[in-house]
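# Architecture at a glance
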Amino acid sequence: DEPEDRPERLALVEMYGEAQLPTVLLQVLMDSNPITAANLRARCWELLIEEGKKEELIALLNSSDVDEKDGMMRDLRDLSRDTGVIPRNREEILWARYLFMPENQEYYQGIIEAISSVSEERRNALELRDLAVIHAAANHDQSLLTQTDEELYERLQGFVQSQKRTIPSADFKGWPGRYTESLHEIRGKIGWGDLAAMLLAVRAMEVNELRAHIFAYAEEDRSDKDTEYGGVIALDEKGRFELLEFEPRMKSGDNKFQAPQAMFEKGYTSLFHFHFHAQSYDNSQYAGPHMGDMTYARNTRANCLVFTFLNSKTMNVDFYRHGRVVVDLGQIRRPG
């Protein structure tokens, strides 16, 4: 939603006036109880971001007004200083705070070490979803951290052009604007993090064991008519790509996957959220993310993949994220 459409914004403007809105939001953010009013504070933060007050929030984090006992502001301050990342919504605040939990200390330290290879220009544009990409690049392909965007684009475009693309784009009928799954057509909307993430997805799909797991899990999905299946793709303790399965929070039909809280938490240190379109082997008409998937990406701000059966031996792979960015990455074949 745009800021002017949100009921809480309209209510605050009615009470305090348009000009006073940022001041009121900042005051509520700082005066509210860090524990009992955590959700209220997160919503204030989110509205301030939507009002274009990112720099004011950075200044606040770096000021002496931040109480060391205020866990949210302390964590966001440290994240900003270490990585340049500023969360944009409530989900990203939860994500950021999860990275500072004791069990993630080694993972977070790995990000800090790897980020030194990232140029200042790139650091200034990082999002939370890019931190897992940096961590994985340090383990699998350090050139992703240092090559220019154009070099990365040429690498990815070369791969995409080598793929057969015989399926239609996903249907976004009813949404305003024009949508595409073409890497070439969407070039102006994607940056370093997207390119590096997609190149890591391509590398992951080359691993036979991972591909075999994808197909085996998709078969379970095809057999279960009560839900779609999903999970995350992450790095294991040895830095290898792995697929982690998660039971849906609830089963609500063969065209929807309800991600459980455990999946969100694991997703904070993972590369991709994923799900299947595996209702049948001949499922090409449903390839790519659809409206519900794009809403999920907007809310979570995660990097996502969707795998769609084209036939019993082949699946299509699409990358998508917030901003209605979708790129068809081509096809993978069942090993063996």
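Since this is a predicted model, take the numbers as computed values, not measurements. Per chain, the residues get numbers from 1 upward, laid out in the order the sequence is written. Per-residue local features are limited, in this predicted model, to residues with pLDDT of at least 70; the limit for side-chain atom pairs, both in listing and counting, is 80 or more; totals at the level of whole chains, interfaces and linings are taken over all residues. To get the side-chain values, all heavy atoms of the structure are used, and hydrogens and water are removed first.

Now for the overall build of the protein chain. What counts as a helix is a DSSP run of H or I of at least four residues, what counts as a strand is a run of E of at least two, and both are numbered from the N terminus. For the protein chain, the helix and strand inventory stands at 15 helices and 6 strands. The globule rule puts the C-alpha radius of gyration for 336 residues at 20 Å, and the 21 Å found for the protein chain is close to it. Along the three orthogonal principal directions, the C-alpha set of the protein chain runs to about 60 × 40 × 35 Å. Across the 336 residues of the protein chain, 52% fall into the buried class. Radius of gyration means the value over C-alpha atoms here, while the globule rule gives 2.2 Å times the residue count to the 0.38 power. Exposed residues in this analysis have more than 50% of their type's maximum accessible area, buried residues have under 20%, and partly exposed residues fall in between, with area computed by a 1.4 Å probe over protein chains only.

Turning our attention to the nonpolar core. By nonpolar core is meant a set of buried Ala, Val, Leu, Ile, Met, Phe, Trp, Tyr and Cys residues that side-chain atoms within 4.5 Å join together. Counting residues in hydrophobic clusters, the biggest one holds 91 residues, and the most contacted among them are Trp-45, Leu-131, Phe-276, Leu-305, Phe-307 and Leu-329. Residue contributions to this core peak at 11 residues, all from helix α12 (residues 192–205). Contact between two residues is taken to exist if any of their heavy atoms lie within 4.5 Å; hydrogens are not considered. In this structure, Leu-329 is in contact with Leu-156, Phe-159, Val-160, Gln-163, Met-198, Ala-201, Leu-305, Val-317, Asp-318 and Phe-319, ignoring residues within four places of it in sequence. Core analysis: the second largest hydrophobic core is formed by 7 residues, Met-294, Ala-297, Cys-304 and Tyr-320 among them.

Attention now goes to the pairing of strand β1 (residues 230–235). Counting buried positions along β1 yields 6 of 6 residues, so the element is predominantly enclosed. Two strands form a pair only when DSSP identifies at least two bridges running between them. Inspection of the sheet shows β1 paired to strand β2 (residues 241–246) by 6 bridges, in the antiparallel sense. Paired with Leu-235 across the two strands is Phe-241, which belongs to β2.

Attention now moves to unusual backbone geometry. For Arg-301, which is not a glycine, the phi torsion comes out positive at approximately 60 degrees. Counting through the fold element by element, Arg-301 comes out in the loop between α15 (291–300) and β4 (304–311). In this structure Arg-301 comes out as buried when scored by relative accessible area, which is 11%.

The pLDDT score gives, residue by residue, the confidence of the prediction method on a 0 to 100 scale. Model confidence for the protein chain is summarised by a mean pLDDT of 91, while 90% of its residues fall at 70 or above. Mean pLDDT across the elements of the protein chain bottoms out in helix α1 (residues 7–16) (66) and peaks in α12 (98).

Another aspect to go through is the packing of aromatic side chains. Centre distance within 6.5 Å is the pairing criterion for rings of Phe, Tyr and Trp, where only the six-membered ring of Trp is used; planes under 30 degrees apart are then read as stacked, over 60 as edge-to-face, and the remainder as tilted. Enumeration according to the criterion identifies 12 aromatic pairs in this entry. Consider the rings of Phe-274 and Phe-307, whose centres lie 5.9 Å apart with planes at 70 degrees: the pair is edge-to-face. With Phe-274 in strand β3 (residues 272–277) and Phe-307 in strand β4, the pair connects residues that are 33 residues apart, well separated along the chain. Pair check on accessibility: Phe-274 and Phe-307 agree, each one buried. One aromatic cluster is present, built from ring pairs that chain together Tyr-217, Tyr-229, Phe-274, Phe-276 and Phe-307. Only when the NZ of Lys or the CZ of Arg is both within 6 Å of the ring centre and within 35 degrees of the ring normal is a charge said to sit over the ring. The ring of Tyr-281 has Arg-222 sitting right over it, with the charged end atom 4.0 Å from the ring centre.

Looking at the element boundaries, Arg-324 is found in the loop between β5 (314–321) and β6 (325–333). Each C-alpha atom of the pair Arg-324 and Ala-262 lies 25 Å from the other, and the pair is 62 residues apart in sequence.

Turning our eyes to something else, we now look at the sheet that holds β3. Pairing is mixed in the open sheet, where 6 strands are placed in the order β2-β1-β3-β4-β5-β6. Looking at the sheet topology across the chains shown, the edges are occupied by β2 and β6. Each adjacent strand pair in this sheet contributes to an overall mean axis angle of 25 degrees, direction not counted. For β5 and β6, the ladder comprises 8 bridges, and the chain directions are antiparallel. Following the sheet pairing, Thr-314 is matched in β6 by Arg-333. Axes here refer to lines fitted to C-alpha atoms; in helices the fit is confined to the stretch in contact. Angles between the N-to-C directions go from 0 to 180 degrees. Against the sheet, helix α9 (residues 128–140) makes contact with β1, β2 and β5, and its axis sits at roughly 45 degrees relative to β1, the strand it touches most.

Another aspect to go through is helix α13 (residues 208–223). Take the residue count of a helix, subtract one, and multiply by 1.5 Å to get its expected span. When the terminal C-alpha atoms of α13 are compared, their 23 Å separation across 16 residues agrees well with the 22 Å that a helix rising 1.5 Å per residue should span. Every buried residue of α13 is accounted for by Leu-210, Arg-211, Ile-214, Phe-215, Tyr-217, Ala-218, Glu-219 and Asp-221.

This paragraph deals with the side chain of Asp-141. When you line up the elements, Asp-141 lands in the loop between α9 and α10 (143–146). In the analysis that follows, any N or O atom pair within 3.5 Å is treated as a polar contact, provided that within protein one partner can donate a hydrogen and the other can accept it, and provided that, for residues neighboring in sequence, both atoms belong to side chains. Within the structure, the side chain of Asp-141 is placed 2.4 Å from the side chain of Ser-143, a separation counted as a polar contact. Side-chain polar atoms of Asp-141 contact the side chain of Arg-155, separated by 2.7 Å.

So, about the pairing of β5. Buried residues dominate β5, accounting for 8 of its 8 residues. In this sheet, β5 lies alongside β4 in antiparallel orientation, the contact comprising 7 bridges. Within β5, the position partnered with Phe-309 by the bridge is Met-315. Here β4 folds back onto β5, and the loop between the two strands holds 2 residues. Where β5 folds back on β6, the antiparallel hairpin that results is connected by 3 residues, among which Gly-323 adopts a positive phi of roughly 80 degrees.

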